[in-house]
Each structure stands twice: as structure tokens, then as C-alpha cells.
Amino acid sequence: MLLHLTDEQEFVRDTTSKFLGNEAPVSDVRKLRDNPDGFDRSYWRRGAELGWTSFLVRPNAGGGSVSGRGLIDLTLIAHEFGRNAAPGPLLPTNLVAAALGWSATESNAAESNATEILPGLLDGTEIATWCYEEHPGRRLADIELEVNVDGQEVVINGSKRPVEAAGQASHLLVTGRTGPGLTQVIVPAGAPGVTITPMDSVDLTRRFYMVKFANVRLPFKSVLGGPGEAGPQVERLVRHALVLQCAESVGAMERGFEMTVEWGFDRYSFGRPLASYQALKHRFADMKSWLEAGHAISDAAADAVESDSDDAAELASAAKAFVGHYGGEVLQDCVQIHGGIGVTFEHDLHLFLRRLTVNRMVYGTPAEHRQRLADLAFPEGAL
């Protein structure tokens, strides 16, 4: 990360780095491949004690940050997750905690939801996830799931995919459409009518699912805010997701690049280090420039979203488009420079490529975000 950090932020980052190095070293990540959850629950609870799930929640609701800028603090954790290809539902749990915290002041029902669910998320004993995307590869905001009001209940019909950690979650935050507007509903994962089906993933530790809702009936108090009024909150959540995802992806890029530079100087060919050959020098220069640009645009997006500045949406999508595209270029080059060993399961490099590959697809592909940028620059009817 290139942001100027306070001593407290440096402490948080160093503490997380040491914790991950000791409790979830990269060498152990492969062992989680066959773990149904992809992570150990006690590891997650101890991570929560370090503040992993608290930064986006206001202090009087049990959360808190070290700098007063919780999203920036959380990007430091996400960056370390990327550098270590670390397991755990960091992104989905924090997004749900944030949404509950934001809504808690809007009504007694929302306050009740936050009071019931937040404590478990903050201490790591419970997991929650956000059911948002429906059609990967289509426009990010293309929501078809229906949330209809029926007396004192809401009825949910539709499906979501991919949903990270849905199989491990106790609660689902579901975004659906009520008429022309969006509605967010807190759904217990075991509610009648909810079906959770595992999906394949190239990431060894993160689990993704398809979640179907068939006439799922819940009391009206399960709605966060008002029916059809969640559009601004959904957009805010999307921006937070993009910023955190980019911070994690840049961490993965950084670690892969460091491993490859080290390899280039250690490995000899015809009596010379690989890194001394002109063609490889040019490739290292390209990779370094993409990595530093990834740092810069991710940090700019995080600052803009944290500050809720006018260009926050543009910067968040620009960061996702850039990091999603050039992150793949960097790590694919790292694999090529390593040669045959770079594509073996025993080498660590593929763990970072897997992490970035999944991040590239979730919450919109680079192409979707380039389209989103075009839509923001040229709204319908502006031309």
C-alpha cells in the first residue's frame, strides 16, 4: 500500500501480517483445499479479535477503527490477505456488518436486526454474506430477484450467484427489486424456501454458492430501510466491495512479483542470472509499472469512497477495471518467467494467481466496469 499510514495503522497491518504468517502460512493453504468451509472457525474468531470484522461498524454498535477512517484501515487487512492468499470470509462478512450498521439508525426494526446479528459477526462466532450478483458477465446492477410486500411480510423469489461463504453463513443480506427500486432483506440461511448449492471455484480456500429463494416469507422487520429505497445503500456497498477487492488483488500481485524477482536473480542460465537478460528486464519493468499503478489507483479509490467524494464511483470502477486486467497480466508473466515449476501445484505462485482470477470475476469483470465508467461519463440521454 502507498497510503501514508499512522503508527496505529502500521501496527494493525504488522499484527495481521504476523498473525497470518503464523496461523495461516501460505504453505498450509493447500491443506484447506478439502476443508468444507475453507477456513478454520477458531482462526476466524481470533482474527476477529484483531479487529478484522469491526472497522466498518460505528463504535456505539460495537465496532471501531484505529484512524477514524474504517474503510482505509480495512484495506490494510485486505492487502495482507492478498499477500498471504489467506482464508476466511473477510469481504462478505464486513459488507453485511457495514449494511447493518448503516441501517441501524433508520428504524427500530433495523436497530433490532443490528442488535441481534452484529455481535456474532463482530466477535467472529457468526458468518454472514451478501447475495448481490445474479448474472456474472452482464451489467453489475442487473437485479431481477423480486422482493414483494404482502401485508406484514415480504416474499422473496429469485436466485443469486456467485455468493461467497453462503454455505458457512448464518444470515444472508439479499438485494432484490421491489417495483422500480431496490430492497435489502436480512434472511436466515436456514429459512424455508432457501436452497444453497455449491459452485466450483479455482480459489483453494474461498467457497462460492448459488442461492435460490422460492416463496421465502419473512416478517417485514427483516427489511433494511424501506422497500424500494435501498438503491443508495446498495451502490455504497458495491463501492466498498470494489475497494476491498482491489486492495486484496494488489497484495496478491505484489507477492507474486516479489517471488518472481527473487527467482530471476537466483536462477542462472549460461552462467548469468535470468534477471540480467535484456528481454526479461523489459518484462520486469512492465510488471513493476503495472503493480505501482495498481497501488496508486486502488489507494485513490479507497480514499474517494471513504470520503464519499463525487468521483468515488468512477474511481472504484476504474480501479477494478485496471487491477482486474493488469493484475492478470502481472501474475501470468510471473508464471511464464518461472517456467515449468510455476505451473506446479507444489509451488506457491498459483495461489496468488487463483486469488486474483476469482477477484477479477466477482463484483463485475473489467469489461463490465469499463461499461459502467462509460455509463457514468455519458448518462442515458446526455448525447
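In this report, we go over the structure that sits alongside the text. (Residues numbered from 1 in each chain as written. Predicted model: local features only at pLDDT ≥ 70, side-chain atom pairs only at ≥ 80, totals over all residues. Heavy atoms only, no water.)

### Considerations on the packing of helix α7 (residues 231-266) against helix α10 (residues 349-361)
Condition: The angle between two axes is taken between their N-to-C directions and runs from 0 to 180 degrees, where each axis is a line fitted to C-alpha atoms and a helix contributes only its stretch in contact. Numbered from the N terminus, helices here are DSSP runs of H or I no shorter than four residues, and strands are runs of E no shorter than two. Angle categories are assigned with fixed cut-offs, so that under 35 degrees is roughly parallel, over 145 is roughly antiparallel, 65 to 115 is roughly perpendicular, and the rest are oblique. Left-handed describes a crossing whose near helix is turned anticlockwise from the far helix by less than a right angle; the clockwise case is right-handed. Two residues qualify as a contact provided that any one of their heavy atoms is within 4.5 Å of a heavy atom in the partner residue.
Contact geometry for α7 and α10: axes closest at 9 Å, N-to-C directions at 155°. Between α7 and α10, the angle falls in the class roughly antiparallel. The handedness of the crossing between α7 and α10 is left-handed. Contacts between α7 and α10 pair Q245, E248, S249, A252, M253, R255, G256 and M259 from the former with L349, F352, R355, L356 and N359 from the latter.

### Overview of the nonpolar core
The line we're drawing: For the purposes of this section, nonpolar cores are sets of buried Ala, Val, Leu, Ile, Met, Phe, Trp, Tyr and Cys residues that join through side-chain atoms within 4.5 Å. Relative accessible area decides the class of each residue, using a 1.4 Å probe on protein chains only: under 20% of the type maximum gives buried, over 50% gives exposed, and in between gives partly exposed.
Judged by nonpolar contacts, the single largest core of 112 residues is most densely connected at Y43, W130, L172, V187 and F213. With 14 residues, the single largest contributor to this core is α7. Look past the residues within four positions of F213 in its chain and what remains in contact with it is C131, L145, I156, N157, G158, K160, L172, V174, V187, G193 and V194.

### Overview of the pairing of strand β5 (residues 181-188)
Operational definition: Two strands pair if DSSP finds at least two bridges between them.
Most of β5 sits inside the fold, with seven of its eight residues counted as buried. The pairing of strand β4 (residues 171-178) with β5 spans eight bridges and is classified as antiparallel. Within β5, the residue paired with T175 across the bridge is Q184. Taken together, β4 and the strand that follows it, β5, pair antiparallel across an intervening segment of two residues, in which G179 is found at a positive phi of about 65°. In this sheet, strand β8 (residues 223-224) lies alongside β5 in antiparallel orientation, the contact comprising two bridges. Looking across to β8, one finds that V185 is bridged to V223.

### Some points on the packing of helix α1 (residues 7-23) against helix α3 (residues 41-49)
How we decide: When residues are sorted by character, Ala, Val, Leu, Ile, Met, Phe, Trp, Tyr, Cys and Pro go into the nonpolar class, Asp, Glu, Lys and Arg into the charged class, and all the rest, Gly among them, into the polar class.
Look at α1 against α3: their axes get within 11 Å of each other, and the N-to-C directions meet at 165°. Considered as vectors, α1 and α3 are oriented roughly antiparallel to each other. Here α1 runs over α3; the crossing is right-handed. Along the contact surface, α1 presents F19, L20 and E23, while α3 presents Y43, R46 and G47. Broken down by class, the residue content of the contact of α1 with α3 amounts to three nonpolar, one polar and two charged.

### Remarks on the side chain of H240
The cut-off we apply is this: Two N or O atoms form a polar contact when they lie within 3.5 Å of each other; inside protein one atom must be a possible hydrogen donor and the other a possible acceptor, and for residues adjacent in sequence the pair counts only when both atoms belong to side chains.
Relative to the assigned elements, H240 resides in helix α7. Residue classification places H240 among the buried residues on the basis of a relative accessible area of 6%. At 2.9 Å, the side chain of H240 and the backbone oxygen of R236 are in polar contact. Dropping the residues within four chain positions of it, H240 is found in contact with L56, L71, L95, W102 and V305.

### Section: the pairing of strand β3 (residues 153-164)
The sheet contact formed by strand β2 (residues 146-150) and β3 spans five bridges and is antiparallel. Bridge pairing in β3 links V149 to V154. One ladder, built from nine bridges, connects β3 with strand β7 (residues 208-219); its direction is antiparallel. Within β7, the residue paired with S159 across the bridge is K212.

Without other data, these values stay purely geometric and don't point to any function.
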